[in-house]
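Below, each chain spelled out in residue letters.
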Amino acid sequence: MTITNSTEISFECETGNYHTFCPISCVAWLYQKIEDSFFLVIGTKTCGYFLQNSMGVMIFSEPRYAMAELEEADISAQLKDYEELKRLCLKIKKDRNPSVIFWIGTCTTEIIKMDLEGMAPKLESEIDIPIVVARANGLDYAFTQGEDTVLAAIAQRCCEKITNLKENYNIFYSFINFGKKKINASVDEQKQVNHSPLILFGSLPEPIIRQLTLELKKQQIKISGWLPSKRYIELPILKEGGFVCSVHPYLSRTATVLIRKGKCKLINAPFPIGPDGTKAWIEKICSALDVTPIGLDEREKQIWESLEEYTQLIKGKTVFFMGDNLLETSLARFLIRCGMIVYEIGIPYMDKRFQAAELALLQKTCLETGVPIPTIVEKPDNHNQINRIMELRPDLVITGMAHANPLEARGINTKWSVEFIFEQIHGFVNAKNILKLITRPLLRNQKLKALGWQNF
Ligand code: SF4
């Protein structure tokens, strides 16, 4: 049984026999985010098939990623890896001229122990282009953790070399902008409080970045930089003792690098998902920077009012997270605040320290709304979960494509979990998008029932 009446969150760990996307899928959103990058995935045809199928129509848009497909001779060490990679990187440099090439290690490079980290610095100096290595393989990580491996590798660079790059970039741009007055910037900056530098980390689309920047600006907080930035050459400069804060729950390794190597202070906050999470996130940032928050309660109230038509639909309904993308705790906390009952939170990996503030908010939300605290099942076993789902029969199951249609055929509503990754869900204004996703299957089935359908 997965529901208890305890006032503490209980954690379980199963076999890890669950479906999720391979972490190399992070190239799909990271190549779009870092506009001057190129991602080279070094793996086998299996990885290639996965990327080709999971990216859908994106692969027809000349994406800035490619596969370096290993052959028999590479695996038996008859070909020279270094020469092969050099040939490919020179071709990428000639065809696309990126500011950085990311080498994405896969299961195969792990198993044959290809020394990517050893080769990268040598090749980097030879071809004169930064090469960043991230091991986003399916042996160690799940889905969104791919972004964590890439950002952790970039964070290492921020700690080491980026200062020079940034200086060069600044010299270059100060040269082109010579004579132009930054009137607006200086007026805006005057309004901001003098606080310690703040860098936010986590890849988000530009509109959300603008929204979050604006929300913090209302509190007179200035963001000194984002990791990753829009362009690799614009990476933020870390300052010892400066503050860093994440926007995603799956970036624990990046946080570790920023704390240990960058000597930054991590603001452990709930994540800005849902109006409750966003308010708590801003409050934590304000308290770390010694800024008194203004008007946050009204802002949250106003957003909740705008969500009313959706919350009425889901109030009292039950939901089960099978778990595959690490956003589960934040989404469950928001849905509980909306009035739902969460039966189980499956999650591939739980870093209790990194998610401490989020877990505390989850517990507080359950106690305040008077619903049982759901069990968090780390490394779930999909077979056991299906048995629990058939027993509990929740109103909605959030799951991957592998189980969605079979569950629908058995009369259980499902929502495909990967949509939460590609939909804009962060910040106050995007809370509506989460509820649109959640209510869509419920509304569709209501409509079908009205037409006389009983099974869909
Ligand atoms: S799990 Fe391993 S082999 Fe499969 S696609 Fe991912 S990296 Fe490639």
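Bear in mind the structure is a predicted one, so any value in this text is a computation, not a measurement.

Q: Help me understand the sheet that holds strand E1 (residues 11-13), please; the structure alone is not making it clear to me.
A: Strand pairing within a sheet occurs via backbone hydrogen bonds; the two strands may be parallel or antiparallel. Pairing is parallel in the open sheet, where six strands are placed in the order E1-E12-E11-E10-E13-E14. The open sheet has two edge strands with one neighbour each: E1 and strand E14 (414-416). For this sheet the average axis-to-axis angle between neighbouring strands, irrespective of direction, equals 20°. Two strands pair when backbone bridges link them, and strand E13 (residues 396-399) and E14 are joined in this way by three bridges, in the parallel orientation. From the neighbouring strand, Ile 398 faces E14, where its bridge partner is Lys 415. In the packing of helix H17 (residues 382-392) onto the sheet, contacts are made with strand E10 (318-321), strand E11 (341-347), strand E12 (375-378) and E13, and the angle to E10 comes to roughly 175°. Contacting E13 and E14, helix H18 (residues 401-409) runs over the sheet at an angle of about 155° to E13.

Q: When you look at the UniProt feature "binding site: [4Fe-4S] cluster" (unreviewed entry) in the protein in this model, what are you seeing that I'm missing?
A: As recorded in UniProt, the sites labelled "binding site: [4Fe-4S] cluster" (unreviewed entry) are Cys 22, Cys 47 and Cys 107. Spatial clustering of the annotated residues is evident: they stretch over 86 residues in sequence, but the largest pairwise C-alpha distance comes to 10.1 Å. Within the secondary structure, Cys 22 sits in the loop between E1 and helix H1 (27-33). Residues within four places of Cys 22 in sequence aside, it is in contact with Phe 50, Ala 136, Gly 138 and Phe 143. In this structure, Cys 107 sits in helix H5 (residues 107-111). Residue class for Cys 107 comes out partly exposed when judged on its relative accessible area of 27%.

Q: Would you explain the pairing of E12 in this entry?
A: The side chains of a regular strand alternate, first on one face of the sheet and then on the other. Here E12 shows two buried faces, one formed by Thr 375 and Val 377 and the other by Ile 376 and Glu 378. In this sheet, E12 lies alongside E1 in parallel orientation, the contact comprising three bridges. Looking at E12, one finds that Phe 11 is bridged to Ile 376. Crossover E11 to E12 through helix H16 (residues 356-369) is right-handed.

Q: Mind showing me how you'd approach helix H15 (residues 328-337) here?
A: Of all ten residues in H15, nine are buried, a share of seventy percent or more. Of all the positions in H15, only Glu 328, Thr 329, Ser 330, Leu 331, Ala 332, Arg 333, Phe 334, Leu 335 and Ile 336 are classed as buried. Just past H15, the residue Gly 339 takes up positive phi, approximately 110°.

Q: When you look at the side chain of Thr 439 in this model, what are you seeing that I'm missing?
A: With respect to the helices, strands and loops of the structure, Thr 439 is situated in helix H20 (residues 431-450). Looking at Thr 439, its side chain comes within polar contact range of the main-chain oxygen of Leu 435, at 2.6 Å. Polar side-chain contacts of Thr 439 include one of 3.4 Å to the backbone oxygen of Lys 436. The contacts of Thr 439, once residues within four sequence positions are left out, are Tyr 310, Leu 313 and Ile 314.

About the thresholds
Think of each chain on its own: its residues are numbered from 1, step by step along the sequence as written. Totals for whole chains, interfaces and linings use every residue, but because this is a predicted model, local features are given only for residues with pLDDT of at least 70 and side-chain atom pairs only at 80 or more, for both listing and counting. To get the side-chain values, all heavy atoms of the structure are used, and hydrogens and water are removed first. In this analysis, strands are considered paired if DSSP registers two or more bridges between them. By definition, any uninterrupted DSSP run of H or I lasting at least four residues is a helix, any uninterrupted run of E lasting at least two residues is a strand, and each is numbered from the N terminus. Lines fitted to C-alpha atoms define the axes here, with helix axes fitted over just the stretch in contact, and angles between the N-to-C directions of these axes take values from 0 to 180 degrees. We call two residues in contact when some of their heavy atoms are within 4.5 Å. UniProt positions are given in the numbering used here, feature names are shortened, and annotations may be inferred rather than shown by experiment. Think of it in three bands: residues with accessible area under 20% of the maximum for their type are buried, residues over 50% are exposed, and the middle band is partly exposed, with areas taken using a 1.4 Å probe on protein chains only. Here is how to tell: hold the view so the strands point away, follow the path from the first strand over the helix to the second, and if it runs clockwise the crossover is right-handed. Polar contacts here mean pairs of N or O atoms no more than 3.5 Å apart (in protein, one a potential hydrogen donor and the other a potential acceptor; neighbouring residues in sequence count only if both atoms are side-chain atoms).

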